[in-house]
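Commentary on secondary and tertiary structure
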Amino acid sequence: MNKKSIFTALLALIALTGWAQSTKTATIKGYSPALKDGTLVIAGAGNLLDIVDTVKAGHFTLTIPVEELTVGGLFCAGEGCPNFSFSLMMKPDVTVKVTGTDCLYPFWKVESPIPEQQTLNRMTEYCHDIILERIKIEQEKDWNKLDSIEMVYMKKEMDILSLLPVDAASLSKLSNIARMLKNLKDFPYMEQMKNLEKSFAARAPKGFEDQLAEIHNYVYPSPLLHVGDKYVDAELFDMQGNTHHLSEAFSGDRYVLLDFWGIGCGPCMMSEPEMREVYERLNGKLEIIGINQNTRSQWQKHEFSKRIVWKNWSDGKMGSSVNGRYCDMGAIPYYVLISPEGRILWKAVGYGPGWFLGMAETFNSPKQDNSSNLGFVVRHVDVNADGTKVSFRNYTKKGYWFRIAKDSYLTANGKKYKLTAADGIKLDVDNYPEVNAFTAKEAYIGEINYSDFTLTFEPFETIPETFDFIEGDVQGAFVIRNVSVE
């Protein structure tokens, strides 16, 4: 089992300032005498909270790269500070002041010349009691109540949105709720959401077409494609405005990876060096299509967009039209691998170092489904009368360990075949991959290492066409299904 891995939630605050090349900036100045010296204040434009200052004598100042009017966020990490991101409007050459007398920064006074900040202030005031209750639940770690309070919070936001002007702030809030619809079954306020979507579309001034289209596609989603389904074509365009189709990527002899990504998503950016390495190694055997989830201007202007070497496209609707067909949830990065025959092989959300090296390994190995543990691969199968030898490779970040249980087994033809021997690995103890796969130039990704080892199992009574590998009957075990017998 992989006991230690980097995943989406742990990467949310990774600093990626090297890609934020904007020469325009906004300034946030704050003060509260209740803040302890050394408290970290983290802020940024959009979803990328990457600018950090340290409180001194209650004061902090942050300079945020920003190209245009944007909803950003501010977060304080220190003694007495709640776990809550505070929304702020940001604009080039504008200074916003936030002040309070306590550590409850979501309720501090905001002085800003940006009119849309009043929209956010009204929402905060209306939802004050719910936000306070949510903070209390987080502090008491009463996780059983968290889902229900989030639903109440969402309902309160929808109630006040119907009374607010349609502007960048209110559209951002409605978009956030709309994205959550993919993750919520039987959403109890769907009729209210549909009425809000209709009202916003009717009242919105020009310039918000992308955001409105995104909201519409989440409220009225297309049928979802599942693993095994044939891919469905879609119209997209590149950074120069030229029109393209997904079907262009299929030539009958290469795999296609859809990469749903966004600026401000730390894991999306962290995966890029490994994806680039794999893309170059496979040399035409894999096509990657990046489908951006930002507005056109954010996508086209950002330096990270310009470094992408594969197909870098957008649907002009913040990815929502294609996302609605392929993605099971409203989270990024989201990956979909499609076979050369055009069938969806697997879907995955988040990113862990070694995933794409593991994916590439399967292209030259026995056919298998390793989608539950993408960095863990069967490389060779040797079946004989004495037993079945299976050769594995496990990719992960240097310094991270994994463990293989001694009660691992194979299943085939309705029967279980026990593990009898291991070579190159110790069972039921921590193993650290030590062979370097490639060293990324970017320091944040670090090194990716791998381990090769062989496990021997009881001989098959009848040689099957495929088998499953199960690393013990426990939650989180390594599982590889439908491994082809060579």
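Read on for a plain summary of the structure. (Residues numbered from 1 in each chain as written. Predicted model: local features only at pLDDT ≥ 70, side-chain atom pairs only at ≥ 80, totals over all residues. Heavy atoms only, no water.)

1. Focus on the overall build of the chain
Looking only at helices and strands, the chain has twelve helices and 23 strands in total. For 486 residues, the compact-globule estimate of 2.2 N^0.38 gives 23 Å, and the C-alpha radius of gyration of the chain, at 25 Å, lies within 12% of that figure. Expressed as a percentage of its 486 residues, the buried residues of the chain come to 52%. Counted over contacts in the chain with a minimum sequence separation of 6, partners at least 24 positions apart contribute 66%. Side-chain charges in the chain split into 52 positive and 62 negative, and the spacing between the mean points of these groups amounts to 2 Å. (Helix = DSSP H or I, 4+ residues; strand = E, 2+ residues; numbered from the N terminus. Rg over C-alpha atoms; globule rule 2.2 N^0.38 Å. Buried < 20%, exposed > 50% of the residue type's maximum accessible area, 1.4 Å probe, protein only. Contact = heavy atoms within 4.5 Å. Lys, Arg positive; Asp, Glu negative; His and termini not counted. Charge placed at Lys NZ, Arg CZ, Asp CG, Glu CD.)

2. Section: the pattern of salt bridges
What the rule picks out here adds up to 22 salt bridges. Between Arg-134 and Glu-150 there is a salt bridge, with the nearest N and O atoms lying 2.8 Å from each other. Here Arg-134, found in helix α2 (residues 128–140), pairs with Glu-150, found in helix α3 (residues 146–161); they are 16 residues apart in sequence, far enough to count as distant. A residue is classified by how much of its surface remains accessible, and Glu-150, at 26% relative accessible area, is partly exposed. Counted as one network, the salt bridges with shared partners bring together Glu-361, Arg-379, Arg-393 and Asp-452. (Salt bridge = Lys/Arg side-chain N within 4 Å of Asp/Glu carboxyl O.)

3. Focus: the packing of helix α5 (residues 190–203) against helix α6 (residues 209–219)
Any two packed helices are characterised by how steeply their axes cross, that is the angle between the axes, and by the distance between the axes. In the contact formed by α5 and α6, the axes pass within 10 Å of each other and the chain directions differ by 155 degrees. When the interaxial angle is binned, α5 and α6 end up roughly antiparallel. Here α5 and α6 pass one another in a crossing that is left-handed. Contacts from Met-190, Met-193, Lys-194, Glu-197, Phe-200 and Ala-201 of α5 reach α6 at Leu-212, Ile-215, His-216 and Val-219. Looking at the contact of α5 with α6, its residues break down into seven nonpolar, one polar and two charged. (Axes fitted to C-alpha atoms, helices over the stretch in contact; angles between N-to-C directions. Parallel < 35°, antiparallel > 145°, perpendicular 65-115°, else oblique. Left-handed = near helix turned anticlockwise from the far one by under 90°. Nonpolar A, V, L, I, M, F, W, Y, C, P; charged D, E, K, R; others polar.)

4. With respect to the state of the cysteines
In this structure the tally under the stated criterion is one disulfide. Covalently, Cys-265 is tied to Cys-268 through a disulfide, its sulfur atoms 2.3 Å apart. Note on the Cys-265 and Cys-268 pair: the S-S dihedral is about 80 degrees, so by sign convention the disulfide is right-handed. The same class applies to Cys-265 and to Cys-268, which are both buried. The cysteine Cys-81 is free of any disulfide, with Cys-103 supplying the nearest cysteine sulfur at 4.5 Å. Unpaired in this structure, Cys-327 has its nearest cysteine sulfur neighbour in Cys-268, at a distance of 11 Å. (Disulfide = S-S within 2.5 Å.)

5. Topic: the sheet that holds strand β13 (residues 311–313)
Across the sheet, five strands lie side by side as β13-β12-β11-β14-β15; this open sheet has mixed pairing. Where the open sheet ends on each side, the last strands, each with one partner, are β13 and β15 (344–349). Geometrically, the sheet is characterised by an average inter-axis angle of 15 degrees between neighbouring strands, direction not taken into account. Of the pairings in the sheet, the one linking strand β11 (residues 255–261) to strand β14 (residues 334–338) comprises five bridges and is antiparallel in character. By the bridge assignment, Leu-258 is partnered in β14 with Val-336. Along the sheet, helix α8 (residues 272–282) contacts β11, β12 (286–292) and β14; its crossing angle with β12, the most-contacted strand, is approximately 150 degrees. (Pairing = 2+ DSSP bridges.)

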